[in-house]
Amino acid sequence: MKITFLGTGTSQGIPVIGCNCSVCQSSDKRDKRLRVSVLIETGDKIIVIDSGPDFRYQMLRAGVKDLDAILFTHEHKDHVAGLDDIRPFNYILKKKIDIYATERVQEALKREFSYIFADTKYHGLPQINLHTVTDKPFKIGETSITPIEVLHYKLPVLGYRFKDFTYITDAKTISEESLSKIKGSKYLVINALQKEDHISHFTLNEAIAFANKAGAETTYFTHMSHNLGLHVDIEKELPAHIKLAYDGLSFELD
């Protein structure tokens, strides 16, 4: 299984429009962060978690030629806005794309992309197969996937575990029940927005504390804002088993 980070930024991305801070003006490519998303190649399926506003460019930049499924964590715009851009996959591959989301997120998609779900269809619409995610494990191809509920302030958000890899974003509170589903992961991805307190996201210190509690061999931080600091500086502050993810970073699992 191969993991590729398509985007590691927060809702505004980095650089932020009009910002002159050191992170937004950095020449380090690791400080250039598109909206958060990850590509997972399981061996028999190609899966993306979240299709945000940068989805089209992320597919082009990563050279993605095939796509089987998109899993949604929640309905915020920085996670769903790029759904329309699956159309080239429909046309070139001549197949529908499987979409996995909770009932609540499905309702949001139907509001945001009403034309996809309209009774009257016209040529060129995105073609999807909609699947409902509950709290139960499910399979895409040969791979079992475990949904993990966390809270983004008061909004339930889903993380997903694929074998020894767990991906969570937009978390502020994670229950002991959800922690039990994470433990045993060799690789954990978790959000670390900034150093200052935030109502709906882990701060850097909160993310470090949770990573230590979860006990993964390697933890990567994602969904980082320009307020966190320069990649080169923040990495020096982290324990050896915790790293900052960056756009384009990839690794393989057994």
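Residues numbered from 1 in each chain as written. Predicted model: local features only at pLDDT ≥ 70, side-chain atom pairs only at ≥ 80, totals over all residues. Heavy atoms only, no water.

Student: Please explain the overall build of the protein as it appears in this structure.
Tutor: Tallying secondary structure elements over the protein gives eight helices and 14 strands in all. Here the protein has a C-alpha radius of gyration of 17 Å; the compact-globule value for 254 residues is 18 Å, and the two agree. When its C-alpha atoms are laid out on the principal axes, the protein stretches across 55 × 40 × 35 Å. A total of 254 residues make up the protein; the buried ones form 54% of that total. Here the analysis covers contacts within the protein between residues at least 6 apart in sequence; of these, 64% occur between residues at least 24 apart. For the protein, the computed accessible surface area is about 11,700 Å², with 48% contributed by carbon and sulfur atoms. (Helix = DSSP H or I, 4+ residues; strand = E, 2+ residues; numbered from the N terminus. Rg over C-alpha atoms; globule rule 2.2 N^0.38 Å. Buried < 20%, exposed > 50% of the residue type's maximum accessible area, 1.4 Å probe, protein only. Contact = heavy atoms within 4.5 Å. Areas by Shrake-Rupley, 256 points an atom, 1.4 Å probe, with all protein chains shown as cover.)

Student: Please clarify how the sheet that holds strand β7 (residues 138–140) should be interpreted in this entry.
Tutor: Across a sheet, paired strands are connected by hydrogen bonds in the backbone, their directions being either parallel or antiparallel. What the seven strands build is an open sheet, ordered β7-β8-β9-β10-β11-β12-β13; its pairing is mixed. Two strands bound the open sheet, and with one partner strand each, they are β7 and β13 (242–244). Mean inter-strand twist for the sheet, computed between neighbouring axes without regard to direction, equals 30°. Where β7 lies against strand β8 (residues 143–152), three bridges are found, and the strand directions are antiparallel. Opposite I140, over in β8, you have T143 as the bridge partner. Across the sheet, helix α7 (residues 204–214) lies against β11 (187–191), β12 (218–222) and β13, angled at about 155° from β11, the strand it touches most. (Pairing = 2+ DSSP bridges. Axes fitted to C-alpha atoms, helices over the stretch in contact; angles between N-to-C directions.)

Student: Can you walk me through unusual backbone geometry in this structure?
Tutor: Both trends apply: most residues other than glycine have a negative phi, and most peptide bonds are in trans. Following I14, the chain continues into P15 via a peptide bond in cis, with omega recorded as 5°. On the secondary structure map, P15 appears in the loop between β1 (2–7) and β2 (37–41). The backbone phi angle of K94 is positive, close to 55°, even though this residue is not glycine. Positionally, K94 belongs in the loop between α3 (87–93) and β5 (97–101).

Student: Please explain the sheet that holds strand β4 (residues 69–71) as it appears in this structure.
Tutor: The strand order β6-β5-β4-β3-β2-β1-β14 describes an open sheet built from seven strands, whose pairing is mixed. What marks the edges here is a single partner per strand, and that holds for β6 (128–132) and β14 (250–252). Between one strand axis and the next, the sheet turns through 20° on average, direction left out of account. In this sheet, β6 lies alongside β5 in parallel orientation, the contact comprising five bridges. Paired with A101 across the two strands is T132, which belongs to β6.

On their own, these measurements won't tell you what the molecule is for.
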